Structure formats: structure tokens, C-alpha cells
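For reference, the chains in residue letters:
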Amino acid sequence: IQATSPATSLSGPATCVTKVELRVSCKALLDRDTLNKSDPCVILMVQNDGQWIELDRTEVIKSNLHPVFGKVFSLDYYFEEVQKLRFEVYDIHGTHSIGTRDDDFLGGVECTLGQVSRCCCLTNPFLPAVAPDLWAQGQTFCSSCSLQIVAQKKMVKPLLLKYGKYAGKSTITVHAEEISGNNGYVELSFCAKKLDDKDLFSKSDPFLEIYRINDDETEQLVYRTEVIKNNLNPVWEPFKVSLISLCSCDEDRKLKCLVWDHDSRGKHDFIGEFYATFREMQKISSGNKVSWDCMNPKYKQKKRNYKNSGVVILTDLKLHRVYSFLDYIMGGCQIHFTVAIDFTASNGDPRNSCSLHYINPYQPNEYLKALIAVGEICQDYDSDKRFSALGFGARIPPNYEVSHDFAINFNPEDDECEEIQGVVEAYQNCLPKIQLYGPTNVAPIINRLAKVAAGDGNIKDASRYHILLILTDGVVTDMADTREAIVRASYQPLSIIIVGVGNADFTDMQILDGDDGVLRSPKGEPVLRDIVQFVPFRDFKTASPAALAKCVLAEVPSQVVEYFSHKAISPMSPMRDLPTPILSPVATTPTE
């Protein structure tokens, strides 16, 4: 979830322009091990409210001072934000946690994700010594400036130890590629037959690497398979890559494929190589066998009767379309809006002008302002314009027992109101009939909506998605039950927006938002999807209603896509399949 601050609230949070994939490699790392070389791993950290938070990490590559990592980092790119990144390289010892000893740290570098702003610090006296190859190529940089990454560009930078000291001649290279909203991805399955045996007392332990050959003839690692132990006829696990990563959406771009015999010390034995294109791979869809001779050029030169070092076979290829929020909406997905209003006594007597529920004939209160701002956006995505309106924390007629889940129109059989104006009228009519009480329990309403959404989720099509807007004046009392309810709800077609009304201390509510880490249930189970957005209304008091709506609804499009993508559910209306040949991708701007 995108953190929201008062400074950015007036215009709402940044809009995600696109996604960016980052690939990392290093050269000339420090050797921290006595008997073997370092076992490096790269940690990617992002800065959030001045704090560095780990986003992801690469795999560990054994005994290698020049690692090329197969892990791909995926980030949302925001045009109007300065997104600070930090890459830290560590030498990993067994299963020990990273950073426990100073000598594990091999160096780090900070940069930003954005448009290229290349530093031209020609006065850096250390540059020729620490990176002579880069110096010879005319690439210049300094340790104090922030070099930016840009889509489909490359950043090379020296690694720094603590206090700005250079980590010898160590450098890190980051390749960035834009992944637009309309890209597809491909799922590939490979196996091999009769590979050369490179081991003396056992069989080879083969793995496959695929490299894309760029326009400048450089090679970019696309994917590295797992190692299959002691097997000359390996069957590797299927894997998925975006088409822009695999071939830059160019069917005829060359792909260089290498087969290796894995060595635990990092000295892998070369088995063979072959060249392919995505166009060749697609022939499998016509029922044709797609295979390549795995060739070792040295053997081919020296051995007269040399045929190959094995055969690599493509056993399956599946093309997938990546759908956007608009694809689902235009396909007929309905967004059902439910509002839940806090009627606890802490709001104050509605008859008193100081009450948060006071009905001023000349100006709506904060509850109504938030309801109208969000509801008027949501109603455009629901064809019947009927919205569920619920309340919690009040004593309700006829017996005036406390309820944490009641229809504010007092019709339990049909809690829906006609359009947003109907919700407003039900709220105003409800106030004189109830007694504000407590406590502030929201888990019952979340469980209720999750149950309704679960029924829609069983339909197996993209026909319906739910948004629950909770308006409350204080921190929830049943925090443990609420966390449990949110974890359960994260599996359903549901997003939850919580707006804090009034001047209470809402610090504890940020836990539900998940900005500071993954929300977990009391038993430690994480949410499947990040579905909660919390904002205090006071940050928007001087802003327009549109600013509040933009802020709280900004993440709903991605949450809708994430849910249906996780379920592998396509939009209802027939969508155009990926074109063949593949066309250049057209980036789409997410709809808020």
C-alpha cells in the first residue's frame, strides 16, 4: 500500500505509471572467505518515511566474485515521486541471518528509480583506480550523487563500504526494463535428453540459462533454472517470464541458451549451448516438436564425428494475457459498494453541535463528506446504483441491544439504499432512533462482507468485486479479531477502506494498513493480498472531496487486478488474444 502523508494528501497519492523489472549483477566482489570465494546475495531496500525497509533479495550464488543473479525485482514506478533504492551485497554463511557480522557486508549503493540523470563528476580521483574499465569507457560517477535508473537502461556503480570507503574494485550493475500494463507473459517447460556426463563418479547436475541478446549485442540473463541432481535427462520446472523480458516483444530476437553441470564451488562445467527465438518456440502450438541440439563448440572443432552434447526440448508453452483494471470493468465487472458507520458514544451526542454526527443543515459533517466523496466515485461502477449501508456500536430498536452489524434502514432482509443520496437519507433518519454506545468492533462487519464476497468468489467469473468503506472516530477495540478477519477477507474479491473521522490518535490503525510490513493474524498468518487502505480525514479537511476519493481509491484498481489474476480469471467479455506476430507494447495508465 502506498503510504499517505498530509503533504501529498491534497493531490492524492502518486499514480503508478508502470512497473519496472530490475536485474542485478556484480563484478570483482571482495573475497571474505578463507578457503572458498564469497557466496553473495543482494538485498533490495526501499526508503519509506526516512526508514530503509527490505523489499526483496536475490538468491545466493555460491563461491562467485562476479555473480549474475537470476532473481528479478519488480517495482511500481511513480513518475512524480523520488523513489530511493538501496542495494546491499552480503556474503552469506549458511543459514545465518544477514548482517550479523560486519565482515559479511560486501558493499552497498543508493540510487533512485526514475528518469536518467547521469552524474559527470570528472574530478573523482579514485575512479581510475576503482573501476578502470568504466573509466576507459568514459563512464563517470561519484559516491555522493544519486544516479538514477530508467526503464530499459543500465546503471553501473562502485560498491561502497561503511563511511563511504570503496569496496576495492567492486561494482554493481542494475538493468531496468519497463513492463507495461498490456504485456503478456509466457510459461515455458524444458527438458533435455542424453546430456554429456561431466562428473567422474556420478552423472551431471544440469541447469539451463537463457540470455536475451540485445540490440547492442550485449547479453542479458532472462532466467536460470533449478539444478537437477545426478541426471542426464533432466526435466526442469515450468517457469514464467514477461514477453518484454524474454525477447523485448520481438519474436525474432536471438536467445542464447546455455546448459551447465553445477559445481558446488561455483566452477560450473560447460555442457553446451544453442540459439533460439520466440518464433521458433511458438511452433509447439501447431503440434510440432521443438528441440535444439546442445552444442559444445570446442568438441565440434576437435571431434570429427561429434553430433551434439545432448538435446534440449521445449515440452510446453503457454501464453498469458496480463489484464488491466479497465479490461475487467469494460468486461462487465460490477463494483458493489458497502459503507459501515461508527455509532459509538465517543462520537458525542448527535444533538450537540460538537458531535461528529451532528446534522448541520448548512454543511455536511465529516462522516457525510467522506461517504459522499468515495461513494460518488464507486456508484459509477455499479449498474443498479444500490449500496449496502451498515452501522456498528449502537443500541438499536426495538430492544435497544448493542449491535456491531445492523442495517441503518432497519431492514435486515434488504440493507441496500438507492444511490448515495439514499444512504445519506438512511443515515440521517437512523440517528434519532438509536443510542450511541460501544465498543468499536469492526470485525463482525468485515466477516459479514467477506462471507458475501466469498459467495461471489465461487461464481468463478469476473462479474463482481466489493469495496467496504468503514468510517470510524477511533482505534478499533477488537484489533486481534479485526486482523484475523482481514486475513480471511484477503482471499475474497474485497477491498477495505478505513477513514478515521475526528482528531483521535489513529497510530495503531496503521497496523491494519500494512505500510510498515505485511499484516498478519494473531497466529502469524499473513494476508494473501494487501487489501486495506487507512487515511485520517483530518488530512483532507482543506482539500476537495475529489482529493480524498483519489487517495483512498487509488489502490483499488490494482487490488481488483491482483485478485482476479491470482484466481486466473479473465474478464467476462471476449478479449483480444496476444497478437502474432507480437506488436510493440502500449503502456496503459491505471484508472483510479
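Being a predicted model, the structure only gives us computed values, none of them experimental.

Colleague: An account of the nonpolar core is needed here, citing residue identities and associated values.
Modeller: With 57 residues, the main nonpolar core has Phe337 and Phe343 as its most contacted residues. If you look at the next biggest cluster of nonpolar residues, it comprises 33 residues, including Met45, Ile61, Leu65 and Leu106.

Colleague: Give me the sheet that holds strand E14 (residues 255-261): which residues, what numbers.
Modeller: Strand order across the open sheet formed by four strands is E12-E11-E14-E15, with antiparallel pairing between neighbours. In the strand order of this sheet, the two ends are held by strand E12 (219-224) and strand E15 (269-276), each with one partner. Going across the sheet, the axis of each strand differs from the next one's by a mean of 25 degrees, ignoring polarity.

Colleague: Account for the sheet that holds strand E20 (residues 394-396), naming residues and giving values.
Modeller: The three strands are arranged E21-E20-E24 in an open sheet whose pairing can be described as antiparallel. What marks the edges here is a single partner per strand, and that holds for strand E21 (401-403) and strand E24 (435-436). Two strands pair when backbone bridges link them, and E20 and E24 are joined in this way by two bridges, in the antiparallel orientation. Within E24, the position partnered with Ala394 by the bridge is Leu436.

Colleague: An account of the pattern of salt bridges is requested, with residue identities and associated values reported.
Modeller: Under the counting rule described, the total for this entry stands at 23 salt bridges. The salt bridge partner of Asp414 is Arg386, with a shortest N-O separation of 2.9 Å. Of the two residues, Asp414 sits in the loop between strand E22 (406-407) and strand E23 (416-418) while Arg386 sits in strand E19 (residues 386-392), which places them 28 residues apart along the sequence. What makes Asp414 partly exposed here is its relative accessible area of 31%. Connected via shared salt-bridge partners are Arg386, Asp414, Glu416 and Glu418.

Cut-offs and rules
Residues numbered from 1 in each chain as written. Predicted model: local features only at pLDDT ≥ 70, side-chain atom pairs only at ≥ 80, totals over all residues. Heavy atoms only, no water. Core = buried A, V, L, I, M, F, W, Y, C linked by side-chain atoms within 4.5 Å. Buried < 20%, exposed > 50% of the residue type's maximum accessible area, 1.4 Å probe, protein only. Pairing = 2+ DSSP bridges. Helix = DSSP H or I, 4+ residues; strand = E, 2+ residues; numbered from the N terminus. Axes fitted to C-alpha atoms, helices over the stretch in contact; angles between N-to-C directions. Salt bridge = Lys/Arg side-chain N within 4 Å of Asp/Glu carboxyl O.

Geometric descriptors of this kind do not, in isolation, establish any biological role.
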